[in-house]
Amino acid sequence: MRDLVIPDFGTLLGEFIGQVPSGTMPRFLALLERTAADRYRSWAAALPEHADVLLQCAADEDEIANRIEAAFSLDPLLREQLEAPLPAAKQTYYEAFSPYDVWDQLRMQANAERQGARAWRNIAARHPDPSVVEVLHGCSALEESSAAALDALIDRHAPISCRPRTPGGDGGGAISGS
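Definitions and limits used
- Residues numbered from 1 in each chain as written.
- Predicted model: local features only at pLDDT ≥ 70, side-chain atom pairs only at ≥ 80, totals over all residues.
- Heavy atoms only, no water.
- Axes fitted to C-alpha atoms, helices over the stretch in contact; angles between N-to-C directions.
- Helix = DSSP H or I, 4+ residues; strand = E, 2+ residues; numbered from the N terminus.
- Parallel < 35°, antiparallel > 145°, perpendicular 65-115°, else oblique.
- Left-handed = near helix turned anticlockwise from the far one by under 90°.
- Contact = heavy atoms within 4.5 Å.
- Nonpolar A, V, L, I, M, F, W, Y, C, P; charged D, E, K, R; others polar.
- Expected span 1.5 Å × (residues − 1).
- Buried < 20%, exposed > 50% of the residue type's maximum accessible area, 1.4 Å probe, protein only.
- Arc of directions from axis to C-beta.
- 1 Å grid on protein atoms, 1.4 Å probe; cavity = no way out; pocket = protein on both sides within 12 Å on 5 of 7 lines; lining within 4 Å.
- Points joined across faces, edges and corners; volume = space filled by probe spheres on them.
- Phe/Tyr/Trp six-rings, centres within 6.5 Å; stacked < 30°, edge-to-face > 60°.
- Lys NZ or Arg CZ within 6 Å of the ring centre and 35° of its normal.
- Salt bridge = Lys/Arg side-chain N within 4 Å of Asp/Glu carboxyl O.

1. Details of the packing of helix H4 (residues 51-71) against helix H8 (residues 130-157)
Here is step 1: Put simply, H4 and H8 touch, their axes get as near as 10 Å, and they point 165° apart. What the angle tells us is that H4 and H8 run roughly antiparallel. When you trace H4 past H8, the crossing you get is left-handed. Taken together, the residues of H8 that come into contact with H4 (itself represented by Val53, Leu54, Cys57, Asp60, Glu61, Glu63, Ile64, Arg67, Ile68 and Ala71) are Val132, Val135, Leu136, Gly138, Cys139, Leu142, Glu143, Ser145, Ser146, Ala149, Leu150 and Leu153.
Here is step 2: For the contact of H4 with H8, the class distribution of residues is 14 nonpolar, three polar and five charged.

In structure tokens, the structure reads:
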């Protein structure tokens, strides 16, 4: 079995995030949340016996995007520039998962959720508006909830070879899957 390598998604997608207009990065991240929601729906189709958990995670991703879109206005003149790097970013995101089976993909996604939670907290730490900070912390909580749901799903149902060998074994880097 192939070693699972969990990327730093901020680094992996950084070239695309860096292409969006100044001040629109949270809105671009919201678009990436919708991409993750789509992935959850595809995983739910692949694992219909676990669709309830995976569709809840998809709903949480959509909720994060909704909250960010409400908290961060977007000049309509910037929409095209905001969306321009999205197809390549989606392709890169999907390609990171493609070498792995569905259970390893879910392990990667659990880690990505934790990375997302940190990203929202980092944005919150620099934002001057307390109401937006509250939204961002709520988004972090949704990310962490999805990560916990995935961890529980994997612990209960994944084949033994796909389960982390150590507590917190999805912390990034290479993880032996053999």
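2. With respect to helix H6 (residues 86-97)
Here is step 1: If you check H6, its first and last C-alpha atoms are 17 Å apart, about what twelve residues at 1.5 Å a residue would give, namely 16 Å.
Here is step 2: Taken together, the buried positions of H6 are occupied by Leu86, Ala89, Thr92, Tyr93, Ala96 and Phe97. Taken down its axis, H6 places every buried residue within 140° of arc, on the same side.
Here is step 3: Looking at the buried positions of H6, the neighbouring elements they touch are helix H1 (9-12), helix H2 (14-17), helix H3 (25-46), helix H5 (79-83) and helix H7 (102-126).

3. Quick word on the layout of surface pockets
Here is step 1: Size it by volume and the largest pocket reaches roughly 480 Å³.
Here is step 2: Contributing to the lining of the largest pocket are 24 residues, with Phe9, Leu29, Ala112, Gln115 and Gly116 lying nearest its centre.
Here is step 3: Elements with a contribution of two residues or more to the lining of the largest pocket: H1, H3 and H7.
Here is step 4: It is H7 that contributes the most residues to the lining of the largest pocket, eleven residues altogether.
Here is step 5: Its residues placed into classes, the lining of the largest pocket shows twelve nonpolar, five polar and seven charged.

4. Some points on the packing of aromatic side chains
Here is step 1: Within the structure shown, the criterion is met by six aromatic pairs.
Here is step 2: Judged by centre distance (5.7 Å) and plane angle (85°), the ring pair of tyrosine 93 and tyrosine 94 falls under edge-to-face.
Here is step 3: Taken together, Phe9, Tyr40, Trp43, Tyr93, Tyr94 and Phe97 form an aromatic cluster joined through their ring pairs.
Here is step 4: One residue, arginine 39, lies across the ring of phenylalanine 97, its end atom 5.1 Å from the ring centre.

5. What to know about the pattern of salt bridges
Here is step 1: Evaluation of the coordinates by the stated rule reveals nine salt bridges.
Here is step 2: For arginine 34, the salt bridge is made with glutamate 69, and the minimal N-O distance between the two is 2.8 Å. Here the residue arginine 34 occupies a position in helix H3, and glutamate 69 occupies one in helix H4, the gap between them amounting to 35 residues.
Here is step 3: Residue arginine 34 is classed as partly exposed on the basis of its relative accessible area, which comes to 24%.
Here is step 4: Arginine 79 is the partner of glutamate 83 in a salt bridge, and the nearest nitrogen-oxygen pair spans 3.4 Å. In this pair, glutamate 83 and arginine 79 both sit in helix H5, four residues apart, roughly one turn of the helix.
Here is step 5: Taking relative accessible area as the criterion, glutamate 83 reaches 33% and is therefore assigned partly exposed.
Here is step 6: Via salt bridges that share partners, Arg34, Asp38, Arg41, Asp62 and Glu69 belong to a single interconnected network.

Limitation: the analysis is restricted to geometry and does not speak to function.
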